[in-house]
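# Commentary on secondary and tertiary structure
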Amino acid sequence: AQTVTQSQPEMSVQEAETVTLSCTYDTSENNYYLFWYKQPPSRQMILVIRQEAYKQQNATENRFSVNFQKAAKSFSLKISDSQLGDTAMYFCAFMKHVGYGQNFVFGPGTRLSVLP
Amino acid sequence: DVKVTQSSRYLVKRTGEKVFLECVQDMDHENMFWYRQDPGLGLRLIYFSYDVKMKEKGDIPEGYSVSREKKERFSLILESASTNQTSMYLCASSFPLAGGPYNEQFFGPGTRLTVL
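Here we summarise the structure given alongside this text.

## Considering the interface of chain B and chain A
Counting residues at the interface gives 28 residues for chain B and 19 residues for chain A. Carbon and sulfur atoms supply 51% of the area buried between chain B and chain A, which totals about 1800 Å² over both sides. For chain B, the biggest contributors to the area lost against chain A are Asn103, Glu104 and Phe107 of chain B; these three give 26% of the whole. Counting the contacts that link chain B with chain A gives one salt bridge. Across the pair Arg50 of chain A and Glu104 of chain B runs a salt bridge, and its minimum N-O distance is 2.5 Å. Where chain B touches chain A, the interface holds seven residue pairs in polar contact (both at pLDDT 80 or more). Secondary structure elements with two or more residues in the side of chain B that touches chain A: strand 4 (31-38), strand 5 (42-51) and strand 9 (87-94) of chain B. Class assignment of the residues belonging to the side of chain B that touches chain A gives a composition of 16 nonpolar, 10 polar and two charged.

## A closer look at the sheet that holds strand 1 (residues 4-6) of chain B
Hydrogen bonds along the backbone pair up the strands of a sheet, which may run parallel or antiparallel. Residues and elements named next belong to chain B. Pairing within the open sheet is antiparallel, and its four strands lie in the order 1-3-8-7. Sheet topology places strand 1 and strand 7 (64-70) at the edges, where each strand pairs with a single neighbour. The average undirected angle you get between the axes of adjacent strands in this sheet is 20°. In the sheet, strand 1 pairs with strand 3 (residues 19-25) via three bridges, with the strands oriented antiparallel. What sits directly across from Gln6, in strand 3, is Cys23.

## Considerations on the nonpolar core
Nonpolar side chains in soluble globular proteins tend to end up buried together. Residues and elements named next belong to chain A. Among the nonpolar cores identified, the biggest contains 26 residues, and Tyr25, Trp36, Phe75, Leu77 and Tyr90 are the most heavily contacted of them. Mapped by element, the contributors of at least two residues to this core are strand 3 (19-21), strand 5 (33-39), strand 6 (46-52), strand 8 (64-69), strand 9 (74-79), strand 10 (88-98) and strand 12 (110-115). No other element matches the four residues that strand 10 contributes to this core. Here Tyr90 is in contact with Gln6, Leu21, Trp36, Tyr37, Lys38, Val48, Phe64, Leu77, Ile79, Gly109, Thr110 and Leu112, once residues within four sequence places are set aside.

## Structural notes on the layout of surface pockets
Considering only enclosed or pocket space, the largest pocket measures out at about 540 Å³ in volume. For the largest pocket, the lining is made up of 24 residues, of which Gln39, Met89 and Arg111 of chain A together with Gln37 and Arg112 of chain B are closest to its centre. Contributing elements (two or more residues each) for the lining of the largest pocket: strand 10 of chain A together with strand 4 and strand 9 of chain B. Ranked by residue count, the leading element in the lining of the largest pocket is strand 10 of chain A, at three residues. Within this model, the second largest pocket holds a volume of roughly 400 Å³. Taken together, 25 residues form the lining of the second largest pocket, with Asn103, Phe104 and Val105 of chain A together with Leu45 and Asp59 of chain B sitting closest to its centre.

## Focus on unusual backbone geometry
The backbone of Asn62 of chain A shows a phi angle near 55°, a positive value even though the residue is not glycine. Among the structural elements, Asn62 of chain A can be located in the loop between strand 7 (60-61) and strand 8.

## Looking at the state of the cysteines
Residues and elements named next belong to chain A. Taken as a whole, this structure holds two disulfides over all chains when the rule is applied. Put simply, Cys23 and Cys92 are joined by a disulfide, and their sulfur atoms are 2.0 Å apart. Its S-S torsion of about -70° marks the bond between Cys23 and Cys92 as left-handed, since a negative value means left-handed. Of this pair, Cys23 sits in the loop between strand 3 and strand 4 (24-26) while Cys92 sits in strand 10; the two residues are 69 residues apart in sequence, bridging distant segments of the chain. The residues Cys23 and Cys92 share a single accessibility class, namely buried.

## With respect to the pairing of strand 3 of chain B
Residues and elements named next belong to chain B. Only one face of strand 3 is covered, namely the face carrying Val19, Leu21, Cys23 and Gln25; the face carrying Phe20, Glu22 and Val24 is uncovered. Bridge count between strand 3 and strand 8 (residues 73-78): six bridges; the pairing is antiparallel. Bridge assignment links Val24 to a residue of strand 8, and that residue is Arg73.

Reading guide: rules and limits
Residues numbered from 1 in each chain as written. Chains lettered and ligands numbered in written order. Predicted model: local features only at pLDDT ≥ 70, side-chain atom pairs only at ≥ 80, totals over all residues. Heavy atoms only, no water. Contact = heavy atoms within 4.5 Å. Buried area = accessible area lost by both parts, 1.4 Å probe. Salt bridge = Lys/Arg side-chain N within 4 Å of Asp/Glu carboxyl O. Polar contact = N/O pair within 3.5 Å; in protein donor to acceptor, adjacent residues only side chain to side chain. Helix = DSSP H or I, 4+ residues; strand = E, 2+ residues; numbered from the N terminus. Nonpolar A, V, L, I, M, F, W, Y, C, P; charged D, E, K, R; others polar. Pairing = 2+ DSSP bridges. Axes fitted to C-alpha atoms, helices over the stretch in contact; angles between N-to-C directions. Core = buried A, V, L, I, M, F, W, Y, C linked by side-chain atoms within 4.5 Å. Buried < 20%, exposed > 50% of the residue type's maximum accessible area, 1.4 Å probe, protein only. 1 Å grid on protein atoms, 1.4 Å probe; cavity = no way out; pocket = protein on both sides within 12 Å on 5 of 7 lines; lining within 4 Å. Points joined across faces, edges and corners; volume = space filled by probe spheres on them. Disulfide = S-S within 2.5 Å.

Structure (structure tokens):
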């Protein structure tokens, strides 16, 4: 079974600084997807960034980028120029296709606070 | 934009009551999911469905059942609510195309259920 670990339950960063959230996972699969989701306080969970395991190039979405190390099974999220609106719970997720469906596994989350 | 809606944001029920949580998505997604979210545990899968009338147990199905009579609607049923089912319940949907660019999950706003 797949597992996802986020070793930092809480983090804080000053506005405009850079922060990195860590995620490791355990799988024997070769083809899979990794995601970072953001859940702002009392608001809906939304996708931040996705990475296909077969792609070596790290995904980037504006201020958000990942460091995907397939051999090490590591998938960290870097937020540059942090903004107050980045304050949220961040979940790392693993997904593989299974038969007709998909198997998603989520980490326990990291609560990020961006300080003014 | 994909929209996933849930019937209630907040719900208070008494022990032993039958509880229905409803989820509707408007993007013709095949896959739908029910999770519960608890602090420090992340998201845990209760049930998922990959087609109308099809369902698969997730990691924690005990005490829950589901119904999917129409493609856009996925209901979670607590047959006899108990206090340990007090939690945040999240519904999600996804398009399961392997290798496709849009295979992430889209989440509803969540229902915070309190069982007294």
